[in-house]
Amino acid sequence: MDYKEIVKTYEALEETTKRLELTSILVDLFENVKCDEIKRVVYLTQGKLGPDYLGLEVGIGEKLIIKAIGESMGIADKKVQEEYRKLGDLGSVAEALTEKRAQRTLFSQPLTLKRVFENLFRMAKKSGSGAQRERLNLLEDLLNDCSRSEAKYLIRTVTGKARLGIADMTILDALAIAFADGDRARVERAYNLCSDLGEIAEMLCKNGKKGIVDIKIEVGIPIRSMLAERLSSPEEILEKMGGRCAAEYKYDGLRIQAHIEDNHVKLFSRRLEDITSQFPDVKEGLLKSFKGKEGVVEGECVVVNLNTGEMRPFQQISHRRGRKYELTEAIEEYPVTLFLFDCLYDGEDLTGISYQERREKLGGIIEECDKIKISTVKVVDDVEELEKFFEDAIEAGCEGLIAKSLESSYKAGARGWQWIKYKREYRAELVDTVDLAIVGAFAGRGRRKGWYGALLMACYNDETDVFESVCKLGTGFTDEVLKEIPKKLGDFKRDAKDPRVESEMEPDYWFSPSVVLEVLGGEITLSPIHRAGYGVLKKDSGLAIRFPRFTGRWREDKKPEDATTSKELIEMYSAQLKRIEE
Ligand code: AMP
């Protein structure tokens, strides 16, 4: 397949903002790709080179990309930089300069998808001292043979910002239509267990629906996490749970899924990245505690005070993820405990059995040690008991409780009422914190001139796969945060609204939903401007968060799709009304 074919599809995708059209363009693409190429097509459409857990990054910085563009076009780096300043996106720079480039040489070869993918893959795999030069050569090799539009998308893929706005869920829809008679549920189940859309596409392409029935949990390959709904009173929780449930402490740290086999341990974040190398102490703890032969367990990793056993605030866990500290120093200064709360595999797939049975299995294969504990849990059937246990959890330094249905199976990748979070309200007069995605920004004025003055924030509608605007956020930013925002957002800037964003408000700058912030809301109100849950509670009205304030917490552990959902906001709004009525 020629690279230009896939670029043509990218162009068509960029033309539309309607999800149905996006899906049908993708269906067309998938139906016309050979099965041995579909994996590459899917990864590139996701803007990746493989599933997240492989951590494949092309690994080439802006400076080198500028150099590669310059060298391949025969233009000085300075000139490329100038264009970059003007256009603000390296893809567009490559596109513009390719036009000005002298004729391609006689030796030019049309680019094939295979060649593009292989060069990018080799770039990702390079390491060591000469790696940068080799990456530069590999990129130049491609740029030399690029047409204008090919150059644009190639560079966007290399910078990790394909900017197509194609969500995994849209790709899933298209795969289900193209190969599985529209049986979306089955395709999604397969994806939840193996987290690799390329692999699923290939299996579907080769054998249709039958191809994915055998997808099973494999140790070493992350499973998409089960998620929780939220409610704000113990009465509602018990009612929803049929009068009885398990209540577990909600630890405030980092979710970790641990895969263990013989003496090997792999740790995955909630975003399914491999984070084993950052937590050698957890790995060691698991090797000591794990008594089974193989298994997959899940828990929350929290920084603790070794002297008092006290849990430390959420922010501290980030010191274990960044590069600010040397690893050994960080392990000493920020010691952690992993509180396990589920067991998904013990040689057998346990996701289909009940919560209660899974907890028993967990108890059977884990012997607690300093580093590895099992989450505190209590079965409750009484409002007062639940409230009391909630207070115990807060007292212990937790964020609240997660109520779990005793009979429920583990619903990988799904948010449902089988798990309900019950979080502390941080201050009496405020509703709660929410996690929102940045989708736009407004130019700063006065003291904030030259920075972004406020951000346009959106929640996620998981039914329509769209980000709906919910507030303009300008409070809670320190100078340090103001400086950091453009850095974190730079790569996600777009010329126009992302097709997955719904907003009446027109900010000065648009961004693809990517960065998630924790926001403390004052009040939720009906709004004619904002689009969260539009038309659900009242015709022509959405929901807005009033008096929003950034808590200082970047939710780097969350993908934009993990942001608070419109459904949750609607429930928070209803709970707030009830409180006012009381
Ligand atoms: P939130 O991040 O506010 O959406 O809350 C859900 C998260 O709480 C999960 O993804 C886990 O990382 C975390 N969590 C902490 N304790 C538990 C627990 N006992 N059971 C399930 N999730 C937990």
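Scroll up to find the structure this text is about.
A brief look at the structure comes next. (Residues numbered from 1 in each chain as written. Predicted model: local features only at pLDDT ≥ 70, side-chain atom pairs only at ≥ 80, totals over all residues. Heavy atoms only, no water.)

A short note on the sheet that holds strand β7 (residues 372–374)
The mixed open sheet is built from five strands, whose spatial order is β4-β3-β5-β6-β7. The open sheet terminates on both sides in strands that have one partner only, identified here as β4 (264–268) and β7. Adjacent strand axes in the sheet meet at a mean angle of 35°, parallel and antiparallel pairs treated alike. Note: strand β3 (residues 254–261) against strand β5 (residues 294–303), eight bridges, orientation antiparallel. (Pairing = 2+ DSSP bridges. Helix = DSSP H or I, 4+ residues; strand = E, 2+ residues; numbered from the N terminus. Axes fitted to C-alpha atoms, helices over the stretch in contact; angles between N-to-C directions.)

Things to note about the nonpolar core
Counting residues in each nonpolar core, the largest one holds 84 residues, and the members touching the most others are Tyr3, Phe30, Ile69, Leu139 and Leu154. In terms of residue count, the dominant contributor to this core is helix α10 (residues 168–179) (eight residues). Counting only domains with at least three residues in this core, you end up with domain 1 (48–159) and domain 2 (227–423). Formed by 31 residues, the second largest nonpolar core is a distinct cluster that contains Val470, Val481, Phe492 and Phe550. (Core = buried A, V, L, I, M, F, W, Y, C linked by side-chain atoms within 4.5 Å. Buried < 20%, exposed > 50% of the residue type's maximum accessible area, 1.4 Å probe, protein only. Domains from an automatic or database assignment.)

Overview of the pattern of salt bridges
Scanning all chains against the criterion turns up 54 salt bridges. Salt-bridge contacts for arginine 184 lead to glutamate 188; the nearest nitrogen and oxygen are separated by 3.0 Å. Of the two residues, arginine 184 and glutamate 188 both sit in helix α11 (residues 184–194), four residues apart, roughly one turn of that helix. In this structure arginine 184 comes out as partly exposed when scored by relative accessible area, which is 22%. A cluster of three or more residues bridged by salt bridges with shared partners is formed by Glu14, Asp89, Lys152 and Arg156. (Salt bridge = Lys/Arg side-chain N within 4 Å of Asp/Glu carboxyl O.)

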